[in-house]
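# Structure at a glance
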Amino acid sequence: MSEASIFTKIIRREIPAEILFEDDLCIAIRDIQPKAPTHVLLIPKQEIPRLVDADPEHQSLLGHLLLVAGKVATQLGIGEAFRLIINNGEGAGQTVFHLHMHIMGNKKYTEDSLDF
Ligand code: 5GP
């Protein structure tokens, strides 16, 4: 068995994190190195390394994550303007190979920029 990801360790409370939301399927934590004034990670409890590793069996989990992302963003007061980002693969900047969404807001984003 490969070692548990850093996010699984957070989910198991082996590593501390600021937890903003949790249910049976996922957890939302504050990013340790925020790239926006509000930067939250939404992480499924099931370890799927990358988005491309998801299968049809994960369909309802992926849908759940999107719904929770909207709810968490609203709860954080950024429901009117936030970005939801998934980095897939090293070349796209993925550093933790446990699927997660970045919920980012309270930053001025423009329509022609896809930067963090
Ligand atoms: P990625 O680059 O894989 O899309 O995103 C990984 C994110 O996880 C980064 O934004 C990084 O700051 C965050 N991160 C890495 N390790 C930890 C940690 O131990 N705790 C928290 N809260 N965030 C982490």
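Description of the structure in this document. Throughout this description, residue numbers start from 1 for each chain and increase along the sequence as written. Side-chain atom pairs in this predicted model are given and counted only at pLDDT of 80 or more, local residue features only at pLDDT of at least 70, and totals for whole chains, interfaces and linings cover all residues. Only hydrogens and water are set aside when side-chain values are computed; all heavy atoms of the structure are taken into account.

## What to know about the pattern of salt bridges
To keep things clear, this is the line we draw: Put simply, a salt bridge is a Lys or Arg side-chain nitrogen that is within 4 Å of an Asp or Glu carboxyl oxygen. The cut-offs for exposure are 20% and 50% of the maximum accessible area for each residue type, with area from a 1.4 Å probe on protein chains only; residues under the lower value are buried, those over the upper are exposed, and the others partly exposed.
Tallied over the entire structure, the rule returns six salt bridges. A salt bridge links Glu22 to Arg13, with the shortest nitrogen-to-oxygen separation between them at 2.6 Å. Residue class for Glu22 comes out partly exposed when judged on its relative accessible area of 32%. Close ionic contact of Asp53 with Arg50 constitutes a salt bridge, the shortest N to O distance being 2.9 Å. In this structure Asp53 comes out as partly exposed when scored by relative accessible area, which is 27%. By relative accessible area, which is 30% here, Arg50 ends up partly exposed. Within the structure, one salt-bridge network assembled from shared partners comprises Arg13, Glu22 and Lys45.

## Here's the deal with the site of the ligand
Definition in use: We call a residue near a molecule or strand when any one of its heavy atoms sits within 4 Å of it. Whenever a nitrogen or oxygen atom comes within 3.5 Å of another N or O atom, the pair is scored as a polar contact, on the condition that within protein one atom can donate a hydrogen and the other can accept it, and that pairs from neighbouring residues in sequence are kept only if both atoms are in side chains. Reported accessibility uses the Shrake-Rupley method at a 1.4 Å probe radius. Residues are deemed covered only where the shown protein chains occlude them. Strands here mean DSSP runs of E at least two residues long; helices mean DSSP runs of H or I at least four residues long; both are numbered from the N terminus. For this classification, the nonpolar set comprises Ala, Val, Leu, Ile, Met, Phe, Trp, Tyr, Cys and Pro, the charged set comprises Asp, Glu, Lys and Arg, and every other residue, Gly included, is treated as polar.
Around the ligand there are 17 residues in total, and Arg30, Asp31, Gly93, Thr95 and His102 lie nearest to it. Between a nitrogen atom of the ligand and a main-chain N or O atom of Arg30, the distance comes to 2.9 Å. Measuring from a nitrogen atom of the ligand, one finds a backbone N or O atom of Ile32 at 3.3 Å. Within the complex, the protein chains bury 88% of what would otherwise be the 520 Å² of accessible surface of the ligand. Going through the elements one at a time, α1 (6-11) and β2 (26-30) are the ones with two or more residues in the shell around the ligand. Looking at which element gives the most residues to the shell around the ligand, the answer is α1, with three residues. Looking at side-chain class alone, the shell around the ligand contains seven nonpolar, seven polar and three charged residues.

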